[in-house]
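Listed here are the chains, written in short residue letters.
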Amino acid sequence: MTTDSATFPLATDMRILSRQDDLGGFRAAVQDWLAETVPSDAIQQMIDADEKKGVRIQREWMAERHKVGLGTPHWPKDYGGADLSLAHQIILAEEFARTGAPVIPAFMISLNHLPGTLLSWGTEEQKSRYLPGVPAGDIWCQGFSEPCAGSDLASLRTRADKKGDRYVVNGHKIWSSMAMYAKHCILLARTDPHAPKHKGISFFLMDMGAPGVEVRPIEQINGRSEFAEIFLTDVEVPAENLVGPENEGWKVAQSTLASERGVIAFEYIERARYAVERFFAEALQNDAAWLKDDQLRREFMDQLIELQANRRLLRRLLRNNARKHPADDMLPSYIKLHGSIFRQQYSSLLTKLAGLEGQRFGMGFEEVYLPAMFTFVSSFSWTIAGGSNEIMRNVIAERGLGMPRG
Amino acid sequence: MSRANASAETGATVIDDDDLATLDKAISQVLFNEAGSLSLHQHLDGKIRLDRALWENAVELGWPRIGLPEEVGGLGFGERGLDLLHRQLGRRVAPGPFLATLSAAQTINDAADTETKSEWLPRLSEGECKLAVTTQTDTTSESSEIWVLGDENCEAFLAPLTNGDWGLLSMPQASAFQMWDRSRTMTKVDLGTSEPLAILPGTPTSQALARHLSLGIASDSIGGARAILEQTIAYMKEREQFDRPVASFQALKHRVADLMTLVVSGEEIVALAVQAVANRDPDADIWVKLGKARCTETYVHVASDCLQLHGGVGFTWEFDVHMYLNRARLNELLVAANTRLKDEAANALADAIRSGRQPLELA
């Protein structure tokens, strides 16, 4: 069944999408559009923005992208996307990074995890009800982790008990990014407390405005509050919001987590490239003292080569993912481990280069690695979130290198 | 095997990936047969001269031709072909005059005048002569006595002369020292007593030799690091203590995962440097210098930890690990101290950025 396309907001300006057939022309059109649209002080705006302002910038940028059909560029055409190939997505990521266009992490779940799940498991009704809201600015959050279910996610305890045509949900979720701004939540809850832990979980779409949903932001070490706790007390979720079969939620969640294929990490590391290049060029211009310090200068060169290695690894991942049968499924774990360590060590070096001046409290924008202490402190979210580096090491050793489980 | 083609537009060599894969497989097979652990140990104990046997084999198979252009009898695989060869030699810690001779040949091809090229390159591509090279490519050495990589079986050695030029000098009949790394031979020679057989221009020669040695060492190091790590993991799966394989202990798994991450990222760094040189990128030497530094540091670190992960048997002569560790230690010291290479790379980066280039752009 095809969806009524009228339910999807459409791009009004076709100057980029009309040039899809020719990659060079597509890139040129993207460059022209970015030159016109991204303000010259975009990076400074993001450094200066507090959280609310940051979310507003993201919403505005999402709306801007949507006008030219780049709100949900990788989605299928039937659901309001442009069905852009990986090669096109790479061009977009490269050009966004080069221009210093705003990043839109608030839409991470909306753009990737939601469609990744619904396109594989959702009913037509779920798809046509929820997907069109994304290019229009709906922020989704993810209710997976719990205080006692982090790395061991399948031990989650939040319960969803079926009562007639609805489920009644009780529990406590944590580490939910942007939950305070989210309209909906993709939720994992236990529907069969007697089944083995992976077998009794179901996957739901939950309205964040429903009675009984309470969001409490987490104050983070970097001064921000991007993550939140969600307390759920007798929250009613209609039965039609179950995704996939009851008690198959763990399997459904695997599609959710596999939905991002490296383009976002690629864009972030390309942004790091420009940040590092700019930092060195400015140091040269200002004749920075650390350039004459043998130890610090060599540490910078050590980080530079790791940056290049990570960029190449991500390019390899994208080439690999473009194939029908991706060959090296361990690559994402190596990239995560190597990339998060690069981020932490490079920003650690930046704190030394910044000196005492850099110890004055101030928040900023991670993707330009400014200011140093903010980026350094923030870097721990990369080594902990999304599978801690310790879990990555287990995965590499056990699944990748065949070392037996202890 | 089909030959590589020179691209009319860029002058860079276009090489078919399938040809490279075929070459890689062939080299790997030969070394698997000829340089197994048993042979390596016989060589280590002075019972056979595996270095000579492998070189003879290599000459027969045309390996000295791999990096050189077709005009002088080469196969035209350039730096990409040599990367495969050195990586495979590194995997087996294979002894022989490969690194010095092949790097000297590429250097002559890049920097020497036509006469010197036509005299030496055809013979080098035929494998008719072996060359030694100075172990340090900076020309500031005050002493006339220098270390060269190679032994009295080499016809000549490539080294800086006192007047700023470089020369191919006849190799004195001094015998080589026994080194900790018995896969390499090294000799001390006095620059004053040797006859120059050919003169090469100073700066281009020192730069080219540093570049080719560094690439060869980086490939050798990352190949060796991967091989000894794989061998160590295999051992850890066999070795049991407390009724379980030691590979099942999480503390050790995490170390191994970190080591493999260094190797996987190091392989990209080698590929970056090789590609930059093969594409004649004006900023290639930044990545060559950083690549040599990173990959040799990784090799020392990986081989050291692999020795530790072997436990007691790692301390025995009869296991392979120490051969990798010794080769890693020597690799680290060749060309120039890694601190110096990082400083040179920093200067090159500064020059590139001041000139308005974008040295971080990836091909």
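All figures in this text were calculated on a predicted structure; none of them were measured in a lab.

Draft legend 1. Focus on the overall build of chain B. When helices and strands are tallied, chain B shows eleven helices and ten strands. A compact globule built from 363 residues would reach a C-alpha radius of gyration of about 21 Å, and chain B, at 20 Å, matches this within 12%. Reported as C-alpha extents along the three principal axes, the dimensions of chain B are approximately 70 × 50 × 45 Å. Counting all 363 residues of chain B, 58% fall into the buried class. Of the roughly 15100 Å² of accessible surface on chain B, 49% is carried by carbon and sulfur atoms. When the 33 basic and 51 acidic side-chain charges of chain B are each reduced to a single mean position, those positions are 6 Å apart.

Draft legend 2. Spotlight on unusual backbone geometry. Cis geometry marks the peptide bond from L370 of chain A to P371 of chain A; its omega dihedral reads -15 degrees. Secondary-structure assignment places P371 of chain A in the loop between α10 (331–354) and α11 (372–378).

Draft legend 3. Expanded view of the packing of helix α7 (residues 202–238) of chain B against helix α10 (residues 321–333) of chain B. Residue and element names in this part refer to chain B. One can describe the packing of α7 onto α10 by two numbers: an axis separation of 10 Å at closest approach and a directional angle of 155 degrees. With respect to α10, the axis of α7 lies roughly antiparallel. Seen from above, α7 lies across α10 with left-handed handedness. Touching I217, D220, S221, G224, A227, I228 and Q231 of α7 are V321, Y324, R327 and N331, all from α10. Taken together, the residues of the contact of α7 with α10 sort by class into five nonpolar, four polar and two charged.

Draft legend 4. Broad picture of the side chain of T261 of chain B. Within the fold, T261 of chain B resides in helix α8 (residues 250–278). For T261 of chain B, the residues in contact, after removing those within four places along its chain, are Y334, L337, H338 and I396 of chain A.

Draft legend 5. Summary view of the interface of chain A and chain B. Taken together, the contact pairs 37 residues of chain A with 39 residues of chain B. The contact between chain A and chain B buries some 3700 Å² in all, and 66% of this surface belongs to carbon and sulfur atoms. For chain A, the biggest contributors to the area lost against chain B are I305, R312 and M403 of chain A; these three give 19% of the whole. For the interface between chain A and chain B, the tally reads nine salt bridges. In this structure, the salt-bridge partner of E361 of chain B is R273 of chain A, at a minimum N-O distance of 3.3 Å.

Draft legend 6. Structural detail: the sheet that holds strand β6 (residues 166–170) of chain B. All names here are of chain B. Sheet architecture is open: six strands sit in the order β7-β4-β3-β5-β6-β8, paired in mixed fashion. If you trace the sheet from one side to the other, it starts and ends with β7 (186–190) and β8 (196–200), each paired once. On average, each strand axis in the sheet is inclined to that of its neighbour by 30 degrees, with strand direction left out of account. Sheet topology note: the β6/β8 ladder contains four bridges and is antiparallel. Its bridge partner being in β8, L169 is matched across the sheet by P196.

Draft legend 7. Here's a closer look at the packing of helix α9 (residues 294–322) of chain A against helix α11 (residues 338–354) of chain B. Where α9 of chain A meets α11 of chain B, the axes come as close as 9 Å, and the angle between the chain directions of the two elements is 80 degrees. Judged by the inter-axis angle, α9 of chain A sits roughly perpendicular to α11 of chain B. Across the interface between the two elements, R297, R298, F300, M301, D302 and L304 of chain A of α9 of chain A pack against T339, K342, D343, A345, A346 and L349 of chain B of α11 of chain B. Residue composition of the contact of α9 of chain A with α11 of chain B, by class: six nonpolar, one polar and five charged.

Draft legend 8. Broad picture of the environment of P95 of chain B. Tracing the sequence through the fold places P95 of chain B in the loop between α4 (78–91) and α5 (98–111). Along the backbone, P95 of chain B and R329 of chain B are 234 residues apart, and their C-alpha atoms lie at a distance of 15 Å.

Draft legend 9. Quick look at the confidence of the model for chain A. In the predicted model, chain A carries a mean pLDDT of 93, and the fraction of residues at 70 or more is 98%. Throughout residues 1–6 of chain A the model reports pLDDT below 50, and contacts reaching past four residues in sequence, or to other chains, amount to seven contacts.

Draft legend 10. The arrangement of the pattern of salt bridges in detail. Evaluation of the coordinates by the stated rule reveals 58 salt bridges over all chains. Measuring nitrogen to oxygen at the nearest pair gives 3.9 Å for the salt bridge that ties R298 of chain A to D294 of chain A. On the criterion of helical spacing, the pair formed by R298 of chain A and D294 of chain A is a turn pair, its members being four residues apart in helix α9. Among the ionic pairs, R49 of chain B bridges to D151 of chain B, the shortest N-O distance being 4.0 Å. Linking R49 of chain B in the loop between α2 (37–44) and α3 (50–61) with D151 of chain B in the loop between β4 (145–149) and β5 (156–160), this pair joins segments that are 102 residues apart in sequence. Through salt bridges with shared partners, a single ionic network connects R27, E94, E95 and R98 of chain A.

Draft legend 11. Geometry of the pairing of β4 of chain B. Residues and elements named next belong to chain B. As judged from the two bridges shared by strand β3 (residues 131–134) and β4, these two strands associate in the antiparallel manner. If you follow V133 over to β4, its bridge partner there is L149. Relative to β7, β4 is paired through five bridges, and the arrangement is antiparallel. If you follow I146 over to β7, its bridge partner there is V189.

Draft legend 12. Spatial organisation of a nonpolar patch on the surface. Taken together, the side chains of I221, F380 and I384 of chain A define a hydrophobic patch exposed on the protein surface, amounting to about 320 Å² of accessible area. Position of I221 of chain A relative to the elements: it lies in the loop between β6 (213–217) and β7 (227–238).

Draft legend 13. Structural detail: the packing of aromatic side chains. The tally for this structure, following the rule as stated, stands at 20 aromatic pairs over all chains. Between F342 of chain A and Y346 of chain A, the aromatic rings sit 5.6 Å apart at their centres with planes inclined by 10 degrees, giving stacked as the arrangement. Of this pair, F342 of chain A and Y346 of chain A both sit in helix α10, four residues apart, roughly one helical turn. Neither F342 of chain A nor Y346 of chain A differs from the other in exposure class; each is buried. The structure contains a cluster of three or more aromatic residues connected by ring pairs, namely F279, F280, W290, F300, F342, Y346 and Y369 of chain A. Sitting over the face of the ring of W120 of chain B, R123 of chain B holds its NZ or CZ atom 5.8 Å from the ring centroid. Sitting over the ring of F249 of chain B, R244 of chain B keeps its end group 3.9 Å from the ring centre.

Reading the values: the criteria
- Residues numbered from 1 in each chain as written.
- Chains lettered and ligands numbered in written order.
- Predicted model: local features only at pLDDT ≥ 70, side-chain atom pairs only at ≥ 80, totals over all residues.
- Heavy atoms only, no water.
- Helix = DSSP H or I, 4+ residues; strand = E, 2+ residues; numbered from the N terminus.
- Rg over C-alpha atoms; globule rule 2.2 N^0.38 Å.
- Buried < 20%, exposed > 50% of the residue type's maximum accessible area, 1.4 Å probe, protein only.
- Areas by Shrake-Rupley, 256 points an atom, 1.4 Å probe, with all protein chains shown as cover.
- Lys, Arg positive; Asp, Glu negative; His and termini not counted.
- Charge placed at Lys NZ, Arg CZ, Asp CG, Glu CD.
- Axes fitted to C-alpha atoms, helices over the stretch in contact; angles between N-to-C directions.
- Parallel < 35°, antiparallel > 145°, perpendicular 65-115°, else oblique.
- Left-handed = near helix turned anticlockwise from the far one by under 90°.
- Contact = heavy atoms within 4.5 Å.
- Nonpolar A, V, L, I, M, F, W, Y, C, P; charged D, E, K, R; others polar.
- Buried area = accessible area lost by both parts, 1.4 Å probe.
- Salt bridge = Lys/Arg side-chain N within 4 Å of Asp/Glu carboxyl O.
- Pairing = 2+ DSSP bridges.
- pLDDT = per-residue confidence, 0-100.
- Patch = residues over 30% accessible without salt bridge, like charges linked within 9 Å, V, L, I, M, F, W, Y side chains within 5 Å.
- Phe/Tyr/Trp six-rings, centres within 6.5 Å; stacked < 30°, edge-to-face > 60°.
- Lys NZ or Arg CZ within 6 Å of the ring centre and 35° of its normal.

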